Amino acid sequence: MDRLYVDRIGGVCDRMKAQGIGQLMVTDYLSIYYLTGMEVHPGERFWGLLVGDDGSLRLFANRLFNIGETDISVTFFDDSDDIAGVVSAHIRKGRLGVDKTMASRFLLPIMEACRDTSFELGSDCVDDVRAIKDDEEKELMRRASRINDACMEKLAAFIHEGVTEKECAAYLDGCYAEYGCDGLSFPSIVSFGENAADPHHHPDDTVLKEGDCIVIDIGCIKDHYCSDMTRTYFWKKADPEQIKVYETVKEANERAEALVKAGIRLCDIDAAARDHISSAGYGEYFTHRLGHFIGMEDHEKGDVSSVNTKETKAGMIFSIEPGIYLPGQVGVRIEDLVIVTEEGCEILNHVSKELCILGN
C-alpha cells in the first residue's frame, strides 16, 4: 500500500486507541477512498472497510464492484447474500466504532448478529485525520480554488441587462466544464435583489434590475476536492444602506481572517466577525455560523461557530463567510477558504473583495 494511505490509516488507528475502539467500520465511500485510494460509488449496496486498531484492513465488496487488484483483504458477496452474516463473521467482541453515514438497514441487522459487541459512533477517528490536509491535498484545494476564481470573474463579466439567475447558473456550468471539473461542490447560488436575503436561495427566473445586489456562492469539484467562494456585487448602483452593509461584511471577513492561525479557538474566529457585525447594528441579521470545514466534501466535519471551542491546527481548511441578510432589502455574503498555518493563514481565493458595481 502507498505510504500516503499507510500514514492516514496510522492516524486513524492512533485515534481508535485513544478512544478505546478495537475495530472501526467505515462505510462513507469518500473516507474509504481517502484511506485506500479505491473509488466505489455503491449506491444502495453495502461497501465497507473494517479497520483494526493494529492497522489491519478488510474490505466488504459486492462482486459487481470493479475494485481491481489490491493488497487489502477482501470479503466478496453478492445481492442474494445476508450482509449481516457476511460482516458479523469478521467483527470481534468488544467495542466497534461505526461511521455516521452507515445506513440503518445494514447497521441494525449487524447489531442483532453481534450481541457481544458494543457499537458506538466512531466517525471522528477518520474525520479528525481528514481535517488536517497533507501537502497533496492542499495543492488540490489550491487548484480547485484557482478554477473557482476564474469562473467567478467570468460570470461577473457575463452578467448583463435582462439576464436571469438561472441563466447565470447555466453559464457557470459551462465554465466549470471548460476546466474539466468533475462537477459542482453544491448547486450554484445566484441571487438577485430581495432573493439575496435568503442565504440558500435557488436560482430562478428572476431578472436582474438596476440597484440589485447580486450574491454568487459557487464551487466546483476537481480531482475529488472542492472549492467554495462567495462574492457580492451590485448592478449599476448601490444605495447608502447597501454600501454600509457591504463594507460591514467585508470588514468582518477580514477581521476573522486576520485572527486565523494554529492554536486559535474556532469560536474566537467566529466572534471576531460576529462582534463586528453586531456593533454595526446588524447582529440579528447574521443568521448562520461563520464557516465550515471543506475538502472532498463541501461541508466536512468541523465548523467555525460560536459553540466550537476546539483549537485550529495547521493544515485545516475552512470557510470564512460572514453575511448580513435584510429581508426584502439586501443580502451580502463574502466567503473565502483559508488554510491554517502556524503563523497565520493562506487565503485560497483571490477575486477582489472591494465594492464592485457592475454594468457601469
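Analysis parameters
Residues numbered from 1 in each chain as written. Predicted model: local features only at pLDDT ≥ 70, side-chain atom pairs only at ≥ 80, totals over all residues. Heavy atoms only, no water. Phe/Tyr/Trp six-rings, centres within 6.5 Å; stacked < 30°, edge-to-face > 60°. Helix = DSSP H or I, 4+ residues; strand = E, 2+ residues; numbered from the N terminus. Buried < 20%, exposed > 50% of the residue type's maximum accessible area, 1.4 Å probe, protein only.

Trainee: Explanation requested: the packing of aromatic side chains in the structure shown.
Mentor: Centre distance and the angle of the planes are the two values used to describe a pair of aromatic rings. In total, this model carries six aromatic pairs according to the counting rule given. Summarising the aromatic geometry, the rings of F234 and Y246 are spaced 6.0 Å apart at their centres and angled 70 degrees between planes, so their arrangement reads as edge-to-face. Note that F234 is positioned in strand β12 (residues 229-235) and Y246 in helix α8 (residues 240-259), a separation of twelve residues in sequence. F234 gets classed as buried once you look at its relative accessible area, which sits at 0%. A relative accessible area of 1% means that Y246 is categorised as buried. Feature note: the residues F46, F60 and F106 constitute an aromatic cluster, connected by ring pairs.

Trainee: Explain unusual backbone geometry here, please?
Mentor: Glycine aside, residues mostly have negative phi, and peptide bonds are mostly found in the trans state. Notably, D223 is not glycine yet its phi reads approximately 50 degrees, a positive angle. Along the chain, D223 turns up in the loop between β10 (220-222) and β11 (225-226). Phi is positive for H224, close to 80 degrees, though the residue is something other than glycine. Within the element layout of this structure, H224 appears in the loop between β10 and β11. For H224, a relative accessible area of 23% translates into the label partly exposed.

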